[in-house]
Amino acid sequence: MHRYSSLTSFPDRLNRLAELAVDLWWSSHREARDVFRRLDYSLWRQTAHNPVLMLWKVSAERLAAAAIDPSFLALYDDALRQLDAARSAHDTWWAERFPNLGGRTVAYFSAEFAVHQSLPIYAGGLGVLAGDHCKEAGDLGVPLVGVGFMYPQGYFHQLVSADGWQQEVYERLNWEHTAIERALAPDGNRCVTAVPLGDRSVLVDVWRVRVGRAQLFLLDTDLEENAPWDRELSARLYGGDRETRVQQEIILGIGGVRALKALGLAPSVFHLNEGHAAFVVLQRIRDAIEAGASFDAALDQIRQTTVFTTHTPVPAGHDAFSFNTVEKHLAGCWGTLGAHRDRFLALGAHDNGSGPQFNMTALALRSAGAVNAVSELHGVVTRDMWGSMWPGLPADERPVTSITNGVHVPTWVAADMAELFAQHLGRDWVQHHDDPALWDGILAIPDEALWAVRQSLRQYLFAFVRERARDRWAVERVSTPRIVAGGTLLDPNALTIGFARRFAGYKRSELLFTDADRLSRILNSFERPVQIIFAGKAHPADDVGKHHLQRIYRRALDPHFGGRVAFVDDYDLHVAHFLVQGCDVWLNNPRKPLEASGTSGMKAAINGVPHLSIGDGWWAEGFTGSNGWHIDGGLTGDDYEAVDAADARALYALLEDQVVPAFYDRDAAGVPRRWLQLVRESIRTVAPRFSARRMVKEYVERMYAPAMDRQGAVPEPGPR
Ligand SMILES: *Cc1c(COP(=O)(O)O)cnc(C)c1O
């Protein structure tokens, strides 16, 4: 039970409310969300949907009233019944599909997890993918535990100054306001593990987050026993310098394996989500050698049970350190592996053009038995980019497969849209949502009903944007430009394009402004106005990204665009929900092929927001010809200026000739029939195929289960 439950006096009838709040399962279950919405709607909004914080703030009167309100109690009882069922179900997909693999566990390592906005331990797409993976694994009954960090200051909050410059604000998270609990060792004691770092030892504590059947174990070095600089090690996600980064990665990999052991867990499969966690293999090889294996046998055994997912087609995006740095910090980690130190270091050796370095992706590629990229196209790029790992092997034989990303549908679909699905696809639609045939039911939804939901979702977005601008103005006394840029001039009935993602060069956030006059004509059409909402953070050390952001911000203030360009600050899961559900079109125009997959377009599409995108990442396989638009300037190669100009022209032409006319082509009743066909196709084709359900099933069937099966055949290492 959560520690604060003894502090607040709950009416007996609601004695499991804290339990419901502290299991983030509630966040992807509408009935459970409704419990907290109904308990106190104003607090629900004020706390950005954080039930744990709500329970600290809610008044005793409100609780007492809820405890005797029959309709509230019906919701409450139903939510708890569902939670109990979710935790204890024996007829899950996993149990039925793999009855012989009971008792196994998968450990999923990731530097970030995006489970809910109240737990700010993620920066962007990688974290969202990890969070969605865990939630879906839980739903399917896959025995998976996540391993990551409980960064006390998390990722930064973004403030944008009146002249458009990003400022990073780090807030120390009050852990009592978050759905975390201390993880306990089997003996019931705290689970503190020592990790050697250089010539010292750092203590690592472990926290637990529950998401239904799935659990996350989050490491933390902020213990009184540690030196001040060691306490800071886990303070921020991607906040430190290279030295901090390598030490964080040692703690994640080596500390993570040790923590699992201390928790009494013995995973059968270790999944490394991106190279950050690759030091997992060091500790595991060492353990195998200590149990008597030779280096080769140990490496082979670890390969059989390690799965690696790479996410980055940008060479500079792969973590690499000098051998000196790595050796300095690993000094205390070797143990019996010390005799094979050179062989281990060779597993990470890679020269990406600036001399040989210790590369975390190279280490993972050489020590994982199964490797995947995150879209079909990304698979092609990865096999090409990492060819030197498999000398002599032609590209199509290099052992990197593709499992295209997906999104956790119950998390990302809007409540109003989910209700429409329930009416037309069946109340149990969530149970079958990766079955394409189910989605043919979408075709039967009447235009009027579908349009009414689309209109409501846009209204919710505008209410959210205005409320945020008003709060900022009232609390921070921000300047007028902030209010204008923040979207207060937007028109709730105009065609609204969303563009929200990290400000990184290859994402080309300014492509739309290539021809400012042409864009201005599109936006300011009197009869068919168009508007654009931008959001996104730049990495704190990325000044180039911050300049992109600043130029977008200045566009938002430029009267040439008539108040039809807005920038919403502090993009996070909360903002993302409103944007992907409430916009009309989702725009993505990266420089191909640098977008490994992308997932925000999937979130939008399942809400009936068609995707307008370059044929990169998932869209290269997701576009059917009738579920959105494919921006294709017809040029590729290194002449970026020419490629960008061609893509921009293609984008304008699509907007002018297809997107805008389809949206504004209304019948006598004011309904855009043609548009709604796109909306339907978008949902029908994307929801089943780009769901986390399809994705996790693929991981299980193609990566986890074979690794577990192989394990039976791996001989136990002999005695010393
Ligand atoms: C989905 C999501 C992302 C990933 O978006 P891309 O499509 O990969 O650019 C990033 N940040 C947040 C907050 C998200 O919800």
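Every value quoted in this text rests on a predicted model; they were computed, and no experiment measured them.

## Let's talk about the overall build of the protein
Move 1: Counting secondary structure elements, the protein contains 28 helices and 21 strands.
Move 2: A compact globule built from 720 residues should have a C-alpha radius of gyration of about 27 Å, and the protein, at 25 Å, falls within 12% of that.
Move 3: Projecting the C-alpha coordinates of the protein onto the three principal axes gives extents of approximately 85 × 70 × 50 Å.
Move 4: Burial analysis of the protein (720 residues in total) assigns 60% to the buried set.
Move 5: For the protein, contacts bridging at least 24 residues in sequence account for 74% of all contacts bridging at least 6.
Move 6: Surface summary for the protein: the accessible area is close to 26,700 Å², and the carbon and sulfur share equals 50%.
Move 7: Counting 75 positive and 88 negative side-chain charges, the protein places the centres of these two groups 1 Å from one another.

## Re the confidence of the model for the protein
Low pLDDT means the predicted atomic positions in that stretch should not be read closely.
Move 1: Mean pLDDT over the protein works out to 94, with 98% of the residues at or above the 70 mark.
Move 2: Confidence drops under a pLDDT of 50 for residues 713-720, and excluding neighbours within four residues, the segment shows 9 contacts in the predicted structure.

## Things to note about the pattern of salt bridges
Move 1: For the structure shown, the criterion picks out 49 salt bridges.
Move 2: With its nearest N and O atoms 2.7 Å apart, the salt bridge here joins Asp84 to Arg16. One end of the pair, Asp84, is in helix H6 (residues 70-88); the other, Arg16, is in the segment before helix H1 (17-21), with 68 residues separating them in the sequence.
Move 3: Given a relative accessible area of 32%, Asp84 falls into the partly exposed group.
Move 4: Relative accessible area serves as the criterion here: at 23%, Arg16 is assigned to the partly exposed category.
Move 5: Overlapping salt bridges, with partners in common, bring together Arg16, Glu19, Asp23, Asp84, Arg87 and Arg210 in one network.

## Details of the site of the ligand
Move 1: Contacts to the ligand come from 14 residues, most closely from Lys507, Ala576, Thr599, Ser600 and Lys603.
Move 2: For the ligand, an oxygen atom lies 3.1 Å from a polar atom in the side chain of Lys507.
Move 3: A distance of 3.0 Å is found between an oxygen atom of the ligand and a backbone nitrogen or oxygen belonging to Thr599.
Move 4: Summarising the interface, the protein chains cover 93% of the accessible area of the ligand, which totals 390 Å² for the free molecule.
Move 5: When residues of the shell around the ligand are assigned to domains, at least three map to each of domain 2 (93-157 + 168-405 + 703-709) and domain 3 (479-676).

## Observations concerning the sheet that holds strand E18 (residues 565-568)
Move 1: The strand order across the open sheet formed by 6 strands is E18-E17-E16-E19-E20-E21, and the pairing between neighbours is parallel. Two strands close off the open sheet at either side, each with one partner strand: E18 and strand E21 (628-631). Going from strand to strand, the sheet's axes swing by 20° on average, the running direction of each strand aside.

## Looking at the side chain of Thr309
Move 1: Assignment of secondary structure puts Thr309 in strand E10 (residues 306-309).
Move 2: At 2.8 Å, the side chain of Thr309 and the side chain of Asn372 are in polar contact.
Move 3: When near neighbours in sequence (up to four residues on either side) are disregarded, Thr309 contacts His271, Leu272, Asn273, Glu274, Asn372, Val374 and Tyr699.

## Focus on the domain arrangement of the protein
Move 1: Assigned domains within the protein: domain 1 (3-88), domain 2 (93-157 + 168-405 + 703-709) and domain 3 (479-676).
Move 2: Centre-to-centre, using C-alpha coordinates, domain 2 lies 34 Å away from domain 3.
Move 3: Of the roughly 1,900 Å² buried between domain 2 and domain 3, counting both surfaces, carbon and sulfur atoms make up 62%.
Move 4: Counting the surface domain 2 buries against domain 3, the share from its top three residues, Gln117, Phe156 and Leu377, is 25%.
Move 5: Here domain 2 and domain 3 share 1 salt bridge between them.
Move 6: A salt bridge links Lys546 to Glu168; the shortest N-O distance between them is 2.8 Å.
Move 7: Taken together, domain 2 and domain 3 are joined by 9 residue pairs in polar contact (both at pLDDT 80 or more).
Move 8: Looking at the side of domain 2 that touches domain 3, the element that brings in the most residues is helix H16 (residues 376-385), giving 4 residues.

Criteria and cut-off values
Residues numbered from 1 in each chain as written. Predicted model: local features only at pLDDT ≥ 70, side-chain atom pairs only at ≥ 80, totals over all residues. Heavy atoms only, no water. Helix = DSSP H or I, 4+ residues; strand = E, 2+ residues; numbered from the N terminus. Rg over C-alpha atoms; globule rule 2.2 N^0.38 Å. Buried < 20%, exposed > 50% of the residue type's maximum accessible area, 1.4 Å probe, protein only. Contact = heavy atoms within 4.5 Å. Areas by Shrake-Rupley, 256 points an atom, 1.4 Å probe, with all protein chains shown as cover. Lys, Arg positive; Asp, Glu negative; His and termini not counted. Charge placed at Lys NZ, Arg CZ, Asp CG, Glu CD. pLDDT = per-residue confidence, 0-100. Salt bridge = Lys/Arg side-chain N within 4 Å of Asp/Glu carboxyl O. Near = heavy atom within 4 Å. Polar contact = N/O pair within 3.5 Å; in protein donor to acceptor, adjacent residues only side chain to side chain. Domains from an automatic or database assignment. Pairing = 2+ DSSP bridges. Axes fitted to C-alpha atoms, helices over the stretch in contact; angles between N-to-C directions. Buried area = accessible area lost by both parts, 1.4 Å probe.

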